[in-house]
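A look at the structure
Each chain is listed here by its residues.
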Amino acid sequence: VVEEGATLVTSALNDAIATAADGAILSLAAGTYEGVFDLTGKNITIKSTLGAVINGLVWLNNSNVVLEGLTLTNVAGAQHPNTTNSQYYATINEQYPVIGAYLNSNVKCVNCVFNLVAPTNYGFYGYAANSPEFQGCTFNCNGIRPIANNGPSVVVNGCTFVDQYHYSVRIF
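Below: a short report on this structure. On a predicted model such as this, the values are computed, not experimentally measured, just so you know.

Take the overall build of the protein next. On a plain count of helices and strands, the protein comes out with one helix and 19 strands. Looking at the protein as a whole, 48% of its 172 residues are labelled buried. The contacts in the protein between residues at least 6 apart in sequence include a share of 45% that link residues at least 24 apart. Just so you have it, the protein exposes about 7,300 Å², and 47% of that area is on carbon and sulfur atoms.

What follows is the structure, encoded as structure tokens:
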């Protein structure tokens, strides 16, 4: 999607997301992508085999998305316009996720690495999201909650949880 080794390429990645047709596969080059990536209404795959790092918020709303081979971390400054304004981080219902899934969203994360740092308090937070799936993912929790969903279920297969909070998955 963008040049190898690129940093702060929010606009390039967001342009690719905005123009992607249903079923599109966006392959990310190695580099760091910072910002808010709004996948509202999208039915796409975003993947990398080259070491793409997403520092920010991945926002899903009525979306069907596959994320594959990405490293995901929340950073200061990620703020979705439809979320509560926090001093540094995007929030959903006062939660600070790396991936926020809202209203009938489907997400499947395959071989992703979640590096969770404060004040992030969830790797994935789903609000009225459908059953999210995590396959072969690593959650470097640093004492932070990795997954929470107030939908019907969560599917976790072959994932590793390092230095987790009191629980790995919370369904409420």
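Per the counting criterion, the structure on display carries six aromatic pairs. Ring geometry for phenylalanine 114 versus phenylalanine 134: centroids 6.3 Å apart, planes at 65°, classification edge-to-face. Taken as a pair, phenylalanine 114 in strand β12 (residues 113-115) and phenylalanine 134 in strand β14 (residues 133-135) lie far apart in primary sequence, 20 residues in all. This pair shows no difference in class: phenylalanine 114 is buried, exactly as phenylalanine 134 is. For the ring pair phenylalanine 139 and phenylalanine 161, a centre distance of 4.9 Å and an interplane angle of 10° mean the geometry is stacked. Linking phenylalanine 139 in strand β15 (residues 138-140) with phenylalanine 161 in strand β18 (residues 160-162), this pair joins segments that are 22 residues apart in sequence. The exposure class of phenylalanine 161 is partly exposed, given its relative accessible area of 21%.

Turning next to the side chain of asparagine 149. With respect to the helices and strands, asparagine 149 occurs in strand β16 (residues 145-149). Judged by relative accessible area, which is 0%, asparagine 149 ranks as buried. For asparagine 149, the side chain forms a polar contact with the main-chain oxygen of serine 153, separated by 3.3 Å. Setting aside its immediate chain neighbours within four residues, asparagine 149 contacts Phe124, Gly126, Tyr127, Ala129, Asn130, Pro132, Val154, Arg170, Ile171 and Phe172.

Next up on the list: the sheet that holds strand β11 (residues 106-110). The strand order across the open sheet built from six strands is β2-β4-β6-β11-β14-β17, with neighbouring strands paired in parallel fashion. Whereas interior strands pair on both sides, the edge strands pair on one side only; in this sheet they are β2 (25-27) and β17 (155-157). With strand direction ignored, the average angle separating the axes of adjacent strands in the sheet is 10°. Inspection of the sheet shows strand β6 (residues 64-68) paired to β11 by five bridges, in the parallel sense. Residue pairing across strands places leucine 67 opposite cysteine 109, the latter belonging to β11.

What follows is about unusual backbone geometry. Residue asparagine 111 is not a glycine yet carries a positive backbone phi of 55°. Tracing the sequence through the fold places asparagine 111 in the loop between β11 and β12. Although it is not a glycine, asparagine 142 adopts a positive phi angle of roughly 50°. Examined against the element boundaries, asparagine 142 turns out to sit in the loop between β15 and β16. Exposure remark for asparagine 142: the relative accessible area of 49% places this residue in the partly exposed category.

Moving on to the nonpolar core. Soluble globular proteins tend to pack their nonpolar side chains together in the buried interior. Core analysis: the biggest nonpolar cluster contains 38 residues, and Leu67, Phe114 and Phe134 have the highest contact counts within it. Listing elements by their share of this core, those giving two or more residues are α1 (10-19), β3 (31-38), β4 (43-47), β5 (52-61), β6, β10 (97-102) and β11. Tallying contributions element by element places β5 first for this core, with four residues. Setting aside its immediate chain neighbours within four residues, phenylalanine 134 contacts Cys109, Phe114, Phe124, Phe139, Ile147, Val154, Val155, Val156, Asn157 and Cys159.

Cut-offs used in this document
- Residues numbered from 1 in each chain as written.
- Predicted model: local features only at pLDDT ≥ 70, side-chain atom pairs only at ≥ 80, totals over all residues.
- Heavy atoms only, no water.
- Helix = DSSP H or I, 4+ residues; strand = E, 2+ residues; numbered from the N terminus.
- Buried < 20%, exposed > 50% of the residue type's maximum accessible area, 1.4 Å probe, protein only.
- Contact = heavy atoms within 4.5 Å.
- Areas by Shrake-Rupley, 256 points an atom, 1.4 Å probe, with all protein chains shown as cover.
- Phe/Tyr/Trp six-rings, centres within 6.5 Å; stacked < 30°, edge-to-face > 60°.
- Polar contact = N/O pair within 3.5 Å; in protein donor to acceptor, adjacent residues only side chain to side chain.
- Pairing = 2+ DSSP bridges.
- Axes fitted to C-alpha atoms, helices over the stretch in contact; angles between N-to-C directions.
- Core = buried A, V, L, I, M, F, W, Y, C linked by side-chain atoms within 4.5 Å.

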